[in-house]
Amino acid sequence: MKIDMNKICAILLLIIIYACSTNDTKNNDDIERILINVQSKPSELSSCIEKIEIVPLETNDSSLMGGIRKTMYDKDMDIYAICDKKQIVHTFTGEGRFIGNSEKMRGKGPEQYYMAVDVKFNPYKKGIDLLNPSGTIYTYSPTFELISKRTFKPEFFFNFLMAISPDEYVFTVPSIWTGEEVTFANLKTEQSEVVSYSGTISSDNTMDRECFHKDGENFYFIPKGINYYFYRIKQNKKKLIPIIYLDFGRSEIAEEGLPGVATGKRRGMANTNSDSEIDKLSKELRERGQYLRSSNCIIPLVKFFNDEYVYVLFARGEELAGHYIYNRKKKEGYLITAFNMQSCFAIVDNVLLAISDAYYVPRLVETRLMSPEEIYKMEQLKEDDNPVILKYYLRK
């Protein structure tokens, strides 16, 4: 019997093509699409929020803050850490008692930091990482004794970090220097690898203070700016796997035809440092951002999630328009527009966390969802007190 090799090759080729297309379909199916219906009827507040509590942060001469730049909470340590506008980090217990601040560690001494572009809890050292843009990481205890000082020489300046093992970190670079990239770096071996992602429509419109997240034993990356994808970080394989897509339906922004640019492009350091190159790119980034704000587009400003919920704060053009909370277990979404809810910075279990100046707290709560004890705490607040943590308990 004569074997027709051409037919066999054709059949094998069809099998390979089918396998590849099946894998692509499977990968697409693996991405959870979550409908963010900002055109829906606003929800009654009590339909998604069960109760509201507040945590006044202790006010004394040592704990006073100079504005709020970034707020974090670590569930395992039960600690809040707040970086103020002077780049001083303040720590408080989960009940609001003052622990310490980094004022004594701000300087040019051997154990001191001079600049902190990002602050992040380090679960492996039970401390707080402070990132210098040139790649030095200062890790302090909650009472601000130096635990370690390590340096990694970056190709470009870093602006965000997260420890994903005792020696490994992920970093991002400001969008003006490179394209859509995350750097995986091993501080022990001094080896690094750059991994690309996609989907950014504008890096100029954002209120996010975080792009790296840890939930349980898993790590995630949520690009800053207008990007509808959430990524899982595969630290062993040094990969970013898209796992969630925020589907804004008719309110989704399409990149085609937009003026300006979404991000920078990777260049050599010499080209990137050119004043004319930077000025041109900065103008194009701002041009797109300003166009979207003036076009009355729906812009997601803050976005994060856990196993049970997705949270999005969004604007319509230049005005804050509302919050969207999606229950992933029930597959139900809640649009909050009438209630003056504060922008949230994290979710822990079923609790959305926010922070506010003390004088403004009464405008950000609904007393019918507060116990008499919580109302009493609120009534004792003074205008010049330290900020207050708000806890919005979501219905399960």
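Visitor: Break down the overall build of the chain for me, citing the residues and quoting the values.
Guide: Secondary structure summary: the chain contains four helices and 25 strands in total. Over its C-alpha atoms the chain spans a radius of gyration of 23 Å, differing by no more than 12% from the 21 Å that the globule rule assigns to 396 residues. Referenced to the eigenvectors of the C-alpha coordinate spread, the extents of the chain come out at roughly 95 × 55 × 45 Å. In the chain, buried positions account for 49% of the 396 residues.

Visitor: Got a sec to walk through unusual backbone geometry? Specific residues and values, please.
Guide: Its identity is not glycine, yet Asp 78 carries a phi of approximately 55°, on the positive side. Looking at the secondary structure, you find Asp 78 in the loop between strand 3 (70-74) and strand 4 (79-83).

Visitor: How would you explain the side chain of Asn 159 if you had to name every residue and give the values?
Guide: With respect to the secondary-structure elements, Asn 159 resides in the loop between strand 10 (146-151) and strand 11 (160-163). Separated by 2.7 Å, the side chains of Asn 159 and Thr 172 make a polar contact.

Visitor: Let's hear about the sheet that holds strand 22 (residues 332-336): which residues, and what values?
Guide: With respect to topology, four strands assemble into an open sheet ordered 19-20-21-22, the strand pairing being antiparallel. Both edges of this open sheet fall to strand 19 (298-305) and strand 22, since each of them pairs with a single strand only. Taking the axes of each pair of neighbouring strands and ignoring which way they run, one obtains an average angle of 20° across the sheet. Here seven bridges tie strand 19 to strand 20 (residues 309-316), and the two strands are oriented antiparallel to one another. Opposite Lys 303, over in strand 20, you have Val 312 as the bridge partner.

Visitor: Tell me about the nonpolar core, and please be specific about residues and values.
Guide: Counting residues in each nonpolar core, the largest one holds 61 residues, and the members touching the most others are Ile 49, Leu 246, Ile 253, Met 341, Leu 352 and Tyr 392. At seven residues, the largest contribution of residues to this core is made by strand 20. Not counting residues up to four positions away in its chain, the partners in contact with Leu 246 are Ile 34, Ile 36, Tyr 228, Phe 230, Glu 252, Lys 303, Val 310 and Val 312. Formed by 17 residues, the second largest nonpolar core is a distinct cluster that contains Met 77, Val 89, Tyr 138 and Phe 144.

Visitor: Tell me about the sheet that holds strand 18 (residues 239-247), and please be specific about residues and values.
Guide: Spatially, the five strands line up as an open sheet ordered 1-18-17-16-15, and their pairing is mixed. Each edge of the open sheet carries a strand with a single partner, namely strand 1 (32-35) and strand 15 (212-215). Across the sheet, the axes of successive neighbouring strands diverge by a mean angle of 30°, strand direction being ignored. Here six bridges tie strand 17 (residues 229-234) to strand 18, and the two strands are oriented antiparallel to one another. Bridge assignment links Tyr 229 to a residue of strand 18, and that residue is Tyr 245.

Visitor: Mind laying out empty space enclosed by the protein, listing which residues take part and the relevant values?
Guide: A water-sized probe, rolled over the atoms, reveals where empty space remains. What the rule picks out here adds up to one cavity of 30 Å³ or more. Quantified by volume, the largest cavity comes out at close to 40 Å³. The residue inventory of the lining of the largest cavity, partitioned by class, reads five nonpolar, two polar and one charged.

Visitor: Residues and numbers for the confidence of the model for the chain, please.
Guide: For any part of a model where pLDDT is low, the fine detail of the predicted coordinates should not be relied upon. Taken residue by residue, the chain gives an average pLDDT of 90. The fraction at 70 or more is 91%. Scored below 50 in pLDDT, residues 7-27 makes one contact in the model with residues more than four places away or belonging to other chains.

Visitor: So what about helix 3 (residues 275-294)? Which residues, and what values?
Guide: Because the α-helix completes a turn every 3.6 residues, residues three or four places apart line up on one side. With 20 residues, helix 3 should reach 28 Å at 1.5 Å per residue; the first-to-last C-alpha distance of 28 Å fits that figure. Contacts from the buried residues of helix 3 go to strand 19. At the exit of helix 3 stands Asn 296, carrying a positive phi of roughly 60°.

Visitor: Go over the environment of Gly 199, please, and point to the residues and values.
Guide: By the secondary structure assignment, Gly 199 is in the loop between strand 14 (191-196) and strand 15. Residue Gly 199 is classed as partly exposed on the basis of its relative accessible area of 30%. Spatially, the C-alpha atom of Gly 199 lies 38 Å from that of Val 55, the residues being 144 residues apart in sequence. Ignoring anything within four residues of it in the chain, the contact list for Gly 199 reads Glu 180, Ile 226, Asn 227 and Tyr 229.

Visitor: So what's going on with the pattern of salt bridges? Residues and values would help.
Guide: One pass over the structure, following the stated rule, counts 17 salt bridges. Several salt bridges share partner residues, and in doing so they unite Lys 70, Asp 118, Lys 120 and Glu 210 into one network.

Visitor: If you had to explain the packing of aromatic side chains to someone new, which residues and values would you point to?
Guide: Under the criterion given, the structure shown has 22 aromatic pairs. Each residue in the set Tyr 197, Phe 212, Phe 221, Tyr 228, Tyr 229, Tyr 231, Tyr 245 and Phe 248 is aromatic and connected to the rest through ring pairs, giving one cluster. Taking the ring centre of Tyr 393 as reference, the NZ or CZ of Lys 51 above it sits at 4.6 Å.

Visitor: Could you give me a rundown of the environment of Trp 177, with the residues and numbers involved?
Guide: Within the secondary structure, Trp 177 sits in the loop between strand 12 (168-172) and strand 13 (181-186). For Trp 177 and Arg 266, which are 89 residues apart along the polypeptide, the C-alpha to C-alpha distance reads 6.5 Å.

Visitor: Can you lay out the pairing of strand 22 for me, pointing to particular residues and giving the numbers?
Guide: As defined by bridge partners, strand 21 (residues 319-327) adjoins strand 22 across five bridges and the pair is classed as antiparallel. For Tyr 324, the partnering residue across the bridge sits in strand 22 and is Leu 335. Hairpin connection of strand 21 to strand 22: four residues between the antiparallel strands, including Lys 331 at a positive phi of 55°.

Visitor: An account of the environment of Ile 137 is requested, with residue identities and associated values reported.
Guide: For Ile 137, the location among the structural elements is in strand 9 (residues 136-140). Overall, the relative accessible area of 0% leaves Ile 137 in the buried class. Placed 24 residues apart in sequence, Ile 137 and Leu 161 show a C-alpha to C-alpha distance of 9.3 Å. Beyond its immediate stretch of four places on either side in the chain, Ile 137 contacts Asp 129, Leu 130, Leu 131, Ser 148, Lys 149, Arg 150, Leu 161, Tyr 169, Phe 171 and Leu 187.

Reading the values: the criteria
- Residues numbered from 1 in each chain as written.
- Predicted model: local features only at pLDDT ≥ 70, side-chain atom pairs only at ≥ 80, totals over all residues.
- Heavy atoms only, no water.
- Helix = DSSP H or I, 4+ residues; strand = E, 2+ residues; numbered from the N terminus.
- Rg over C-alpha atoms; globule rule 2.2 N^0.38 Å.
- Buried < 20%, exposed > 50% of the residue type's maximum accessible area, 1.4 Å probe, protein only.
- Polar contact = N/O pair within 3.5 Å; in protein donor to acceptor, adjacent residues only side chain to side chain.
- Pairing = 2+ DSSP bridges.
- Axes fitted to C-alpha atoms, helices over the stretch in contact; angles between N-to-C directions.
- Core = buried A, V, L, I, M, F, W, Y, C linked by side-chain atoms within 4.5 Å.
- Contact = heavy atoms within 4.5 Å.
- 1 Å grid on protein atoms, 1.4 Å probe; cavity = no way out; pocket = protein on both sides within 12 Å on 5 of 7 lines; lining within 4 Å.
- Points joined across faces, edges and corners; volume = space filled by probe spheres on them.
- Nonpolar A, V, L, I, M, F, W, Y, C, P; charged D, E, K, R; others polar.
- pLDDT = per-residue confidence, 0-100.
- Expected span 1.5 Å × (residues − 1).
- Salt bridge = Lys/Arg side-chain N within 4 Å of Asp/Glu carboxyl O.
- Phe/Tyr/Trp six-rings, centres within 6.5 Å; stacked < 30°, edge-to-face > 60°.
- Lys NZ or Arg CZ within 6 Å of the ring centre and 35° of its normal.

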